[in-house]
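# Architecture at a glance
What follows is each chain in one-letter form.
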Amino acid sequence: MADGTGLRPFSQAFPDRFFDVGIAEQHAVTMAAGMAACGSRPVVAVYSTFLQRAYDQALHDVAIGGLPVVFAIDRAGIVGEDGYTHQGAFDVSFMRHIPGMTLMAPKDEAELYSMMHTALQHPGPCAVRYPKSPGTGVEVRYPPEPVEIGRAEVIRDGRHCAIFALGPMVWPALEASRILSARGVSCAVVNARFVKPLDTSMLTQYATCTGVIVTCEDAALLGGLGSAALEALAQEGMSGVSVVRMGIPDRFIEHGRRDAILVQLGL
């Protein structure tokens, strides 16, 4: 998977730091756990759909020991042309409930760089999910600025409602906010950044001042960011808040171009 994960140049520049175990995902994660237990900081680069095969290893071999393994979850969300089996819809749901797991998603390539840097400094297991799509073209600076664990980012403030968007859904959410603004609706846009730990303080702040929360994610609705928001609001006793969840519905998504499928899904 050196070419598929984009690691061919890395493998050539650092041959002693690159291990290609083929399509043996269970072995890859357990190998990473062993390396982490011996003091290394391994990164497991794997497609979202293939990480499903290594769920048990992520849970038992990595998370129980609190080992600092970084999961670089490639092709998260809608992949498109590879068909039903390759849509990366489920990683948020099955990684979020693993105890001790930190799960984040960048809005652009610069934030991906910062999140990878942050994950490599974190003392426990981390997952960074990113899509199969071109970057936005933002400047990536070195050294990267660390991202505060569990802290969301306000992209645009608003009074009537707030969209909490995950990863690449931030930019469509911002465009939606601009359209709503032209229609007299003041809509905040928040880059959620983290599904776990969720920024509950920012969520409750906007829930209190607007009364309407919209979550937007390129992941399965069941167990995703929207579910996390509902759980957090219920825990805070804020049952009167209106929550609208946008994401991948409870079905397998067909073959097609990523952009076309996102349009079909209302994303």
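Quick note: structure is the one above.
Residues numbered from 1 in each chain as written. Predicted model: local features only at pLDDT ≥ 70, side-chain atom pairs only at ≥ 80, totals over all residues. Heavy atoms only, no water.

Here we come to helix H8 (residues 200-210). Taken residue by residue, H8 has Met 202, Leu 203, Thr 204, Tyr 206, Ala 207 and Thr 210 as its buried positions. Its buried side turned inward, H8 meets strand E5 (153-156), strand E6 (161-165), strand E7 (187-191), strand E9 (212-220) and helix H9 (225-235). Looking one or two places after H8, you find Gly 211, whose phi comes out positive at around 80°. (Buried < 20%, exposed > 50% of the residue type's maximum accessible area, 1.4 Å probe, protein only. Helix = DSSP H or I, 4+ residues; strand = E, 2+ residues; numbered from the N terminus. Contact = heavy atoms within 4.5 Å.)

Moving on to the packing of H8 against H9. Two numbers describe how H8 lies on H9: the axes approach to 10 Å, and their chain directions differ by 75°. In terms of orientation, H8 lies roughly perpendicular with respect to H9. Contact residues: H8 offers Thr 200, Leu 203, Thr 204 and Ala 207, while H9 offers Ala 229, Ala 232 and Leu 233. For the contact of H8 with H9, the residue count by class is five nonpolar, two polar and no charged. (Axes fitted to C-alpha atoms, helices over the stretch in contact; angles between N-to-C directions. Parallel < 35°, antiparallel > 145°, perpendicular 65-115°, else oblique. Nonpolar A, V, L, I, M, F, W, Y, C, P; charged D, E, K, R; others polar.)

Core analysis: the biggest nonpolar cluster contains 49 residues, and Leu 51, Phe 71 and Met 95 have the highest contact counts within it. For this core, the leading source of residues is H9, giving five residues. Ala 89, Ala 165, Met 169 and Val 170 belong to the second-largest nonpolar core, a separate cluster that totals 19 residues. (Core = buried A, V, L, I, M, F, W, Y, C linked by side-chain atoms within 4.5 Å.)

This part takes up the sheet that holds strand E1 (residues 43-47). The five strands lie next to each other as E1-E2-E4-E3-E8, forming an open sheet whose pairing is mixed. Of all the strands in the sheet, just E1 and strand E8 (194-196) have a single pairing partner and so form its edges. For this sheet the average axis-to-axis angle between neighbouring strands, irrespective of direction, equals 20°. With five bridges joining them, E1 and strand E2 (residues 70-74) adopt parallel strand pairing. Paired with Val 46 across the strands is Ile 73, a residue of E2. Its contacts with the sheet put helix H6 (residues 109-121) on E1, E2, strand E3 (102-104) and strand E4 (126-129), and the angle it makes with E4 is roughly 170°. (Pairing = 2+ DSSP bridges.)

Geometric values such as these leave the question of function open.
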